[in-house]
Amino acid sequence: MSIKTATLNGVATIEIARPEKKNALTVAMYQAMSDALVAAKADPAVRAVLITGQPGIFTSGNDIEDFMTRAPGQGSDAMDSPVFRFMRALLDCDKPVVAAVTGAAIGIGTTMLLHCDFVYVADDARLAMPFVALGLVPEFASSLVVPQLMGHRRAAEKLLLGDPFTAEQAVDCGIANAVLAASEVVNHARRVAERFNQLPPGAVREAKQLLRGPQHAAIVQTIRTEGEIFGRRLKSPEAMEAFQAFFQKRKPDFSRF
Ligand code: COA
């Protein structure tokens, strides 16, 4: 199984473990992560959730083969797909979610961080949201949250050009809390998650709800709007060219569009 889950000392850990494919996320993996988040929310022994990847790779994002063959579709179909269920479970998780990022966090690898409460990045972390270069559009409210975090101009570099950015830049633009040595980042994130064992869970839950505030409704609405366009674009000739180019290990050619 390429998602490993374990609950230890009040912390439910979700570990992405498909290193041979750079932790690319398949439909089955989204389902497993979504199930783990729902179970963590329901289990009173769990006080916080920790999401990690493997040394040198958090995740290379959605499995591009799945994009080509098992696209989530459009409309209400899409909203019920495993990737939407996972993101919904992350948004609905009323316990603190801590992410520890080593290596690359691409596409949804970065998008999911926007919806975690604490993000710790290793000095080797490299984040990117290359949706446009893949013929796609931003997803899961990144078009709303990223400009809010860092302003339109820096958001445009990341969401229109898809420029990758470093761990320091992730902290500077408000996506991450702190940079740590790669060997330390998971331990540090775990220690932060374990601090919730000493805090009253009801107050934590209600404070997290308040922190989300009125923004939550806007996020849900934006996810729906983006999802419609994303689902349509997945089947576009531009996206097909980008996906084929990836597997053929060549540069995409958009000159005919
Ligand atoms: N979907 C499907 N397969 C993927 C993948 C993805 N998102 N990312 C990596 N892989 C596969 C590669 O096809 C390759 O498979 P192979 O060994 O059968 O050829 C294997 O994982 C190793 O990847 P490779 O590209 O050779 O590793 P690398 O170290 O040179 O580069 C990345 C690592 C993460 C920079 C690079 O794989 C990458 O850019 N991946 C795609 C990222 C992306 O665009 N994601 C979608 C965002 S919406």
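This one's a predicted model, so the numbers in the text were calculated from it and none came from an experiment.

Regarding the site of the ligand
Around the ligand sit 15 residues in total, of which Lys21, Lys22, Ser60, Asn62 and Ile64 are the nearest. Interatomic distance of 2.8 Å between a backbone N/O atom of Ser60 and a nitrogen atom of the ligand. One nitrogen or oxygen atom from the main chain of Ile64 is found 2.8 Å from a nitrogen atom belonging to the ligand. For the ligand, whose accessible area on its own is 870 Å², the fraction buried by protein is 66%.

Quick notes on the sheet that holds strand S5 (residues 97-101)
Across the sheet, which stays open at both edges, the six strands sit in the order S1-S2-S3-S5-S7-S10 with mixed pairing between neighbours. Each having just a single partner strand, strand S1 (3-8) and strand S10 (178-180) make up the two edges of the open sheet. Adjacent strand axes in the sheet meet at a mean angle of 20 degrees when their direction is disregarded. As paired strands, S1 and strand S2 (residues 11-16) are joined by six bridges and run antiparallel to one another.

Examining the nonpolar core
Note that soluble globular proteins tend to have their nonpolar side chains buried in a common cluster. Counting 65 residues, the largest nonpolar core has Leu90, Leu127 and Leu136 as the members making the most contacts within it. For Leu90, the contacting residues outside a window of four places in its chain are Leu37, Ile51, Val97, Met112, His115 and Cys116. Formed by 14 residues, the second largest nonpolar core is a distinct cluster that contains Ala48, Tyr120, Leu180 and Ala193.

Side note on helix H4 (residues 82-92)
Counting buried residues along H4, eight of its 11 residues qualify, which places the element largely inside the surrounding structure. Inspection of H4 places Pro82, Val83, Phe84, Phe86, Met87, Ala89, Leu90 and Leu91 among the buried residues, and these make up the whole buried set.

Focus on the side chain of Ser34
Within the secondary structure, Ser34 is located in helix H1 (residues 27-42). Its relative accessible area of 5% is what places Ser34 among the buried residues. If we ignore the near neighbours within four places in the chain, the residues touching Ser34 are Arg85, Phe86 and Ala89.

Quick notes on the environment of Asp253
Along the polypeptide, Asp253 turns up in the segment after helix H12 (237-247). For Asp253, a relative accessible area of 38% corresponds to the partly exposed category. Sequence separation between Asp253 and Ala239 is 14 residues; the distance between their C-alpha atoms is 11 Å. For Asp253, the side chain forms a polar contact with the side chain of Ser255, separated by 2.6 Å.

Cut-offs and rules
- Residues numbered from 1 in each chain as written.
- Predicted model: local features only at pLDDT ≥ 70, side-chain atom pairs only at ≥ 80, totals over all residues.
- Heavy atoms only, no water.
- Near = heavy atom within 4 Å.
- Polar contact = N/O pair within 3.5 Å; in protein donor to acceptor, adjacent residues only side chain to side chain.
- Areas by Shrake-Rupley, 256 points an atom, 1.4 Å probe, with all protein chains shown as cover.
- Pairing = 2+ DSSP bridges.
- Helix = DSSP H or I, 4+ residues; strand = E, 2+ residues; numbered from the N terminus.
- Axes fitted to C-alpha atoms, helices over the stretch in contact; angles between N-to-C directions.
- Core = buried A, V, L, I, M, F, W, Y, C linked by side-chain atoms within 4.5 Å.
- Buried < 20%, exposed > 50% of the residue type's maximum accessible area, 1.4 Å probe, protein only.
- Contact = heavy atoms within 4.5 Å.

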